[in-house]
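Chain by chain, the residues:
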Amino acid sequence: MTQSFYTAMTRRHFLSTSAAALAASAVPSGAPAQGARFRRWEISDPGMPPRVLDSYKKGIREMLNRPATDPRNWYRNAFIHVFDCPHQNWWFLAWHRAYIGWLEATIREFSGDPEFALPYWDWTKTPRVPAAMFDDVLDPNNAAFIPTFQQFNAQFDAPVTALFATFSQAQKDVLAQRGLSSTADFWSAVAAAPAGMFFEQPAARGLTPASPDLDRTTQRTVSLATIRSALRTANFAGSESGTDAAGFASAKASSHNDQSREGILESQPHDNVHGAMGGAAGNAFMVSFLSPVDPIFFLHHGNLDRLWDVWTRRQAALGRPTLPQGADLTAWSSEQFLFFSDPNGQ
């Protein structure tokens, strides 16, 4: 793909590899890394305790059962992505790290599992939907999810109207930049596919147990060669224009609502895995801004987050900066994300 899959699908504005790096990319099968509080398991690791997916399912089911007025409702959590997610700029990785981190905290609360951390899907190792992700509420085609847009709209129309009335001016400014100045704008975007983002069952995920494989193009974009190329990127972010590389985390932008240029990690494995989840017909939540409706979203981004950690370890081993520098660090660090909710719904 040569452009962000979100832009294409929704038509909305919006190393040389060192030995140290290769060692960092291998996730151990034992305890968490020194100093780490939680352990993210690779989903196909036979050593992963069964409680990991059991807790994920329990948390998802509780979030699905929460009323539409509760910020911790599963669909309300997906709305955060619609309202605020950055793509094609240098906040892409940081915003999504916070997003999956808050989801993990909520799942710990609802599952009663204080050790829960999301597993991740290493699509380089397993270029197909993991079989476990077709089980129970790990599949958005499960009966626990809302099957039709009509039912979805009936449940969320009044709560969305009430939600828009609570937004601060700063939040309204962000939404206006994203073309979401009113509830009418929201429902125009979050309409039934193909005009909008809501995919009715059985098209909530295009890939199936009988046909779980990523397409050939996507398999190339998640290949070890592509990942190594991304990890060799020397800078966290590139400039907004010019011929220099876009950077590991994609290029600088004026705000996280603006689009700049995608780095290898975002443009290749990220975009193409999202797009591939629609299957041959292109049908799936994963091809839209409502992609977090599909629980596999968080495993996909868990792997991207892991690769950011691998890149950071490699940069440190080579004596290179791991974040923007100087005035760029101030600008990057000062950006505000205004839509996250904590495990208490605040």
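Residues numbered from 1 in each chain as written. Predicted model: local features only at pLDDT ≥ 70, side-chain atom pairs only at ≥ 80, totals over all residues. Heavy atoms only, no water.

### What about the overall build of the protein?
Here's step 1: The helix and strand tally for the protein stands at 13 helices and zero strands.
Here's step 2: Going from the N terminus to the C terminus, the protein shows its helices and strands as α-α-α-α-α-α-α-α-α-α-α-α-α.
Here's step 3: Within the protein, the proportion of its 346 residues that are buried is 54%.
Here's step 4: Entry remark: accessible area of the protein is about 14,200 Å², with carbon and sulfur atoms responsible for 51%. (Helix = DSSP H or I, 4+ residues; strand = E, 2+ residues; numbered from the N terminus. Buried < 20%, exposed > 50% of the residue type's maximum accessible area, 1.4 Å probe, protein only. Areas by Shrake-Rupley, 256 points an atom, 1.4 Å probe, with all protein chains shown as cover.)

### Comments concerning the side chain of N142
Here's step 1: With respect to the helices and strands, the residue N142 is situated in the loop between α5 (92–111) and α6 (149–166).
Here's step 2: Here D136 takes part through its backbone oxygen, which lies 3.3 Å from a polar atom of the side chain of N142. (Polar contact = N/O pair within 3.5 Å; in protein donor to acceptor, adjacent residues only side chain to side chain.)

### What to know about unusual backbone geometry
Here's step 1: The step from A193 to P194 runs through a cis peptide bond, and the omega angle for that step is 10°.
Here's step 2: Take P194: it is sitting in the loop between α8 (183–189) and α9 (216–221).
Here's step 3: Cis geometry marks the peptide bond from Q201 to P202, where omega comes out at 10°.
Here's step 4: The residue P202 is located in the loop between α8 and α9 in this model.
Here's step 5: The backbone of D136 shows a phi angle near 55°, a positive value even though the residue is not glycine.
Here's step 6: Under the relative-accessibility criterion, D136 is labelled partly exposed at 29%.

### Re the pattern of salt bridges
Close approach of charged atoms lets side chains of opposite charge pair.
Here's step 1: Evaluation of the coordinates by the stated rule reveals 16 salt bridges.
Here's step 2: Note that R40 is salt-bridged to E104, the shortest N-O span being 2.9 Å. One end of the pair, R40, is in the loop between α2 (19–25) and α3 (51–65); the other, E104, is in helix α5, with 64 residues separating them in the sequence.
Here's step 3: We classify R40 as partly exposed; its relative accessible area is 22%.
Here's step 4: Note on E104: relative accessible area 7%, which makes it buried. (Salt bridge = Lys/Arg side-chain N within 4 Å of Asp/Glu carboxyl O.)

### Concerning the confidence of the model for the protein
Here's step 1: When pLDDT is averaged along the protein, the result is 90, and 89% of the positions lie at 70 or above.
Here's step 2: Segment residues 1–30: pLDDT under 50, and 78 contacts once partners within four positions in sequence are set aside and those in other chains are kept. (pLDDT = per-residue confidence, 0-100. Contact = heavy atoms within 4.5 Å.)

### A short note on α5
Here's step 1: In this model, α5 (20 residues) spans 28 Å end to end at C-alpha, consistent with the 28 Å of a helix rising 1.5 Å per residue.
Here's step 2: Buried residues dominate α5, accounting for 15 of its 20 residues.
Here's step 3: One or two positions beyond α5, positive phi appears at G112, with a value near 75°. (Expected span 1.5 Å × (residues − 1).)

### Looking at the packing of aromatic side chains
Here's step 1: Scanning all chains against the criterion turns up 36 aromatic pairs.
Here's step 2: Relative to F156, the ring of F79 has its centre 5.6 Å away and its plane inclined at 70°; by these criteria the two rings are edge-to-face. Of this pair, F79 sits in helix α4 (residues 74–84) while F156 is found in helix α6, placing the two residues 77 residues apart along the sequence. Neither residue differs from the other here; F79 and F156 are each classed as buried.
Here's step 3: Here F149 and W187 contribute two aromatic rings whose centre-to-centre distance is 6.0 Å and whose plane-to-plane angle is 75°, an arrangement assigned as edge-to-face. With a gap of 38 residues between them, F149 in helix α6 and W187 in helix α8 connect regions that are remote in the sequence.
Here's step 4: Classification of F149 as buried rests on a relative accessible area of 16%. (Phe/Tyr/Trp six-rings, centres within 6.5 Å; stacked < 30°, edge-to-face > 60°.)

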